[in-house]
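Observations on chain architecture
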Amino acid sequence: MNHFCEHMAFVSQVEPKSMSEALEDNNWINVIHEEVNQFARNEVWTLVPRSKEMNVIGTKWVFKNKIDEQGVIVRNKARLVAKGYNQEEGIDFGETYVPVARLEAVKLLLAYACLKGFRLHQMDVKRAFLNVFIDEEVYLSQTPGFEDHNNPDYVFKLKKALYGLKQAPRQ
Amino acid sequence: MLSQGYERGKTDKTFFIKNSCNDIILDQVYVDNIIFGLTNESLCEQFVATMQGEFEMSMMGELNFFLGLQVKQVEHGIFLCQEKYCRELLKKFNMENCKEASTPIATGCYLDADEARVDVDQTKFSQLIGSLLYLTASRPDIMFSVCLCARFQAKPKESHYVAGKRILKYLKRTTEVGLWYPSKVTLNLIGYSDSNFAGCKVDRKSTSGTCRLLGSSLTSWHNKKQACVALSTAEAQYIAAGSCCAQTIWLKHQLSDFGLNLSKIPLFCDNTSAINLTKNPVHHSRTKHIEIRHHFIRDHIINGDSKIQFVDCENQLADLFTKPLNKERYNFLKNELGIINFKNVN
């Protein structure tokens, strides 16, 4: 119980609708910082001067609370996403097809594992899209609230994919 | 992953396998989610370590929740369900306190375009159908009724909405039902195919219903209104058997990636004329018009990929996917296919 209370202290119970709402809550500020640091650590982008021929894509913050089986909020999740709908085909992205497993294939694997008597495990790749480099040149406007004060009109040139980009899942 | 000695599946590009001294590692990748199974538990840590070397991974442990499917792994089998989703669905459509129904569709229920009746909100109806379709991932028992209602999405009428609500009433009674995969059974693959001749009241097309079981585990099923009008029951059955065969072939390829080679996969059909059609290429006046693509099955039977066998109506498990049934028959089929409540697993 003690552990439970301790854990609760770091989790916000509300889901902010906008950045300004999020900034009123310390828990959310922490989560946002964590996400921004993540981008820096993974060297997702470099800052470059803006030029006229660039199609610069905006970004947006998405705030979501993760709920466990009992319906208790266990984690606040902030994610910076690109407004992929502003991307132009041929310039910003090529193919958007992504190979995924069919649900039947998953069921077949389950049935097979069951008959063969082995246990199945699962894991997931953290920030999967940040693991790979993208081929196209994609420019992002700077994150609201985290602008570089020395170069406010610079834009980010993406090295790696971001959630919301058309080509993201494909990488 | 390929650099670590894994082989990519021949049919499924998101499937990887590694064989090392009698131990096998199987894994299926779904964008950023990975399911893996090992014949030897000690290899598990080693596998996790290699993966963590490549990517930043979070180990979630035993498989229990994947793409909305709740998975329970127990001593003698695996149970799959979407109970949580089902509850949310009932809540979303304000059916939490509705009356319960024992089957998703009334026995005499035949839906048609129903021009004269009152229109209902198309968006709401589509939402209902869409939500129910997602639920069919673990609930083949509502497949037929959902697919039937789904045909009227363009112009939903009151009667269609009532039929949709009936499915929800049935779900209210059977929220905890899911798929049970028992472990102690022989490993074989079998298919069932059935059809209802001229089942659609609007354009008189037939519906095929097929399912395939690996051991006693229902792994894939489908229900589809046939693309052309069949002139006889045999023709409708023949077309259904063809689509069942196509799916079986896919499963066969998939299983060969697992290292399991099957041939002469039995396909059960309850119509002798359709069975004879697959064996005898003679054109009769009533069958000579059948399109070339439907003769696909004949070719695969000659190749020895599959063989077609007769099953009596009583044991035709694909019945569940082709017609509205009474309570007794319905429960019998559900039991045979392993669509049960986890509490009733023995």
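Residues numbered from 1 in each chain as written. Chains lettered and ligands numbered in written order. Predicted model: local features only at pLDDT ≥ 70, side-chain atom pairs only at ≥ 80, totals over all residues. Heavy atoms only, no water.

1. Remarks on the overall build of chain A
Keep this limit in mind: Only DSSP runs of H or I reaching four residues or more are called helices, and only runs of E reaching two or more are called strands; each is numbered from the N terminus. Contacts were defined at the residue level, with two residues in contact if any of their heavy atoms lie within 4.5 Å. The protein chains shown are the only cover counted for residues, whose accessible areas, like all others here, come from Shrake-Rupley with a 1.4 Å probe.
Looking only at helices and strands, one finds 4 helices and 7 strands in chain A. Mapped from its N terminus to its C terminus, chain A presents α and β elements in the order α-α-α-β-β-β-β-α-β-β-β. Across chain A, contacts joining residues at least 24 apart in sequence account for 70% of those joining residues at least 6 apart. Looking at chain A as shown, the accessible area adds up to about 9,600 Å², and 49% of this sits on carbon and sulfur atoms.

2. Let's talk about the overall build of chain B
Formally: Radius of gyration: over C-alpha atoms. The globule rule applied is 2.2 Å multiplied by the number of residues raised to the 0.38 power. Buried, partly exposed and exposed residues are distinguished by accessible area as a fraction of the type maximum, computed with a 1.4 Å probe on protein chains only: under 20%, between the cut-offs, and over 50%, respectively.
Scanning chain B from terminus to terminus reveals 9 helices and 15 strands. Computed over the C-alpha atoms, the radius of gyration of chain B is 22 Å, within 12% of the 20 Å expected from 2.2 N^0.38 for a compact globule of 346 residues. Dimensions of chain B, computed from C-alpha atoms along their principal axes, come out at roughly 65 × 55 × 35 Å. Scored against the burial criterion, the 346 residues of chain B give a buried share of 54%. Sequence separation of 24 or more characterises 68% of the internal contacts of chain B that already satisfy a separation of 6 or more. Entry remark: accessible area of chain B is about 15,800 Å², with carbon and sulfur atoms responsible for 51%.

3. Here we look at the nonpolar core
For the record, the criterion: Residues grouped as a nonpolar core are buried Ala, Val, Leu, Ile, Met, Phe, Trp, Tyr and Cys residues, joined through side-chain atoms within 4.5 Å.
Counting 77 residues, the largest nonpolar core has B:Leu132, B:Leu168, B:Leu171, B:Leu255 and B:Leu337 as its most contacted members. Looking at which element gives the most residues to this core, the answer is helix H4 (residues 103-116) of chain A, with 9 residues. With residues up to four places along the chain from it excluded, the contact list for B:Leu255 reads A:Leu108, A:Tyr112, B:Leu189, B:Leu214, B:Leu260 and B:Leu262. Counting 19 residues, the second-largest nonpolar core is a separate cluster that includes A:Trp28, A:Ala78, A:Leu80 and A:Leu140.

4. Considering unusual backbone geometry
Residues and elements named next belong to chain B. One non-glycine residue, Ala198, lies in the positive phi region at around 50°. Phi is positive for Arg204, which is not a glycine, with a value near 60°. Structurally, the position occupied by Arg204 is in the loop between strand E10 (189-196) and strand E11 (207-214). The class of Arg204 is partly exposed, set by a relative accessible area of 45%.

5. As for empty space enclosed by the protein
All names here are of chain B. Here is the rule: Two kinds of site are reported from a 1 Å grid over the protein atoms alone, namely cavities, where a 1.4 Å probe fits but cannot get out, and pockets, open sets with protein on both sides within 12 Å along at least five of seven lines, and residues are called lining when an atom falls within 4 Å of a point. Grid points are joined across faces, edges and corners, and a volume is the space filled by probe spheres set on the points. We call Asp, Glu, Lys and Arg charged. Ala, Val, Leu, Ile, Met, Phe, Trp, Tyr, Cys and Pro are nonpolar, and the rest, Gly among them, are polar.
Counted according to the given criterion, the structure contains 2 cavities of 30 Å³ or more. Size it by volume and the largest cavity reaches roughly 60 Å³. Thr103, Pro104, Ile105, Asp141, Phe144, Ser145, Leu320, Lys323, Pro324, Leu325 and Tyr330 together form the lining of the largest cavity. Tallied by class, the residues present in the lining of the largest cavity amount to 7 nonpolar, 2 polar and 2 charged.

6. Section: the pairing of strand E8 (residues 77-81) of chain B
For a regular strand, the rule is simple: side chains alternate between the two faces of the sheet. Residue and element names in this part refer to chain B. Test applied: Paired strands, as defined in this entry, are two strands with at least two bridges between them according to DSSP.
Counting buried positions over the 5 residues of E8 gives 5, a clear majority of the element. Bridge count between strand E7 (residues 69-74) and E8: 5 bridges; the pairing is antiparallel. Following the sheet pairing, Gln73 is matched in E8 by Ile78. Linking E7 to E8, which pair antiparallel, is a turn of 2 residues.

7. Here we look at the sheet that holds E10(B)
Put simply, the rule reads: Every axis in this analysis is a line fitted to C-alpha atoms, fitted for helices over the stretch in contact. Angles between the N-to-C directions lie between 0 and 180 degrees.
The 5 strands lie next to each other as E12-E11-E10-E13-E14 (chain B), forming an open sheet whose pairing is mixed. Taken across any chain shown, the strands that pair with only one partner, and hence form the sheet edges, are strand E12 (217-225) and strand E14 (306-310) of chain B. In this sheet, neighbouring strand axes are inclined to one another by 20° on average, regardless of whether the strands run parallel or antiparallel. Pairing geometry for E10(B) and strand E13 (residues 265-269) of chain B, over 3 bridges, is parallel. Across the sheet, residue B:Tyr192 finds its bridge partner in E13(B), namely B:Phe268. Strands in contact with H4(A) are E11 and E12 of chain B; relative to E12(B), the strand with the most contacts, it is inclined by about 155°.

8. Examining the pattern of salt bridges
All names here are of chain B. As a reminder of what qualifies: Salt bridges are identified by distance alone: a Lys or Arg side-chain nitrogen within 4 Å of an Asp or Glu carboxyl oxygen.
A full pass over the atoms with the stated rule returns 12 salt bridges over all chains. For Asp141, the salt bridge identified is with Arg139, shortest N-O distance 3.1 Å. The two residues Asp141 and Arg139 agree in class, both being buried. For Lys225, the salt bridge goes to Asp203, with nearest N and O atoms at 3.0 Å. Here the residue Lys225 occupies a position in strand E12, and Asp203 occupies one in the loop between E10 and E11, the gap between them amounting to 22 residues. For Asp203, a relative accessible area of 29% gives the class partly exposed. Residues participating in the shared-partner salt-bridge network are Glu83, Arg87, Glu176 and Lys343.

9. Here's the deal with the packing of helix H3 (residues 122-135) of chain B against helix H5 (residues 158-173) of chain B
All names here are of chain B. Quick reminder of the rule: Should the near helix be turned anticlockwise from the far one by less than a right angle, the crossing is termed left-handed; should it be turned clockwise, right-handed.
Between H3 and H5, whose axes approach to 11 Å, the crossing angle comes to 35°. Here H3 and H5 pass one another in a crossing that is left-handed. Note on element contacts: H5 touches H3 through His160, Tyr161, Gly164, Ile167, Leu168 and Leu171, opposite Lys124, Phe125, Leu128, Leu132 and Leu135. Class assignment of the residues belonging to the contact of H3 with H5 gives a composition of 8 nonpolar, 2 polar and 1 charged.

10. Describing the packing of H4(A) against helix H6 (residues 233-257) of chain B
Defined as follows: In this scheme, roughly parallel covers angles under 35 degrees and roughly antiparallel covers those over 145, while 65 to 115 is roughly perpendicular and the rest are oblique.
Packing of H4(A) against H6(B) brings their axes to within 11 Å, and their N-to-C directions diverge by 55°. With respect to their mutual orientation, H4(A) and H6(B) come out oblique. The chirality of how H4(A) crosses H6(B) is right-handed. On H6(B), the residues touching A:Glu104, A:Ala105, A:Leu108 and A:Tyr112 of H4(A) are B:Trp250, B:Leu251, B:Gln254 and B:Leu255.

11. Concerning the packing of aromatic side chains
All names here are of chain B. This is how it is decided: Pairing of aromatic side chains requires ring centres within 6.5 Å, counting the rings of Phe and Tyr and the six-membered ring of Trp. Pairs whose planes differ by under 30 degrees are stacked, by over 60 edge-to-face, and all others tilted. Charges are assigned to positions over rings by a cutoff of 6 Å between ring centre and Lys NZ or Arg CZ, combined with an angular limit of 35 degrees from the ring normal.
Under the defined criterion, the tally for this structure stands at 7 aromatic pairs over all chains. A ring pair is formed by Phe79 and Phe342, whose centres lie 4.9 Å apart and whose planes are at 45°; its orientation type is tilted. Taken together, the residues Phe79 in strand E8 and Phe342 in the segment after strand E15 (339-341) connect sequence positions 263 residues apart. For the ring pair Phe125 and Tyr161, a centre distance of 6.4 Å and an interplane angle of 55° mean the geometry is tilted. Note that Phe125 is positioned in helix H3 and Tyr161 in helix H5, a separation of 36 residues in sequence. Judged on exposure class, the residue Phe125 and its partner Tyr161 are both buried. Over the aromatic face of Phe342 sits the side chain of Lys72, whose NZ or CZ is 4.5 Å from the ring centroid.

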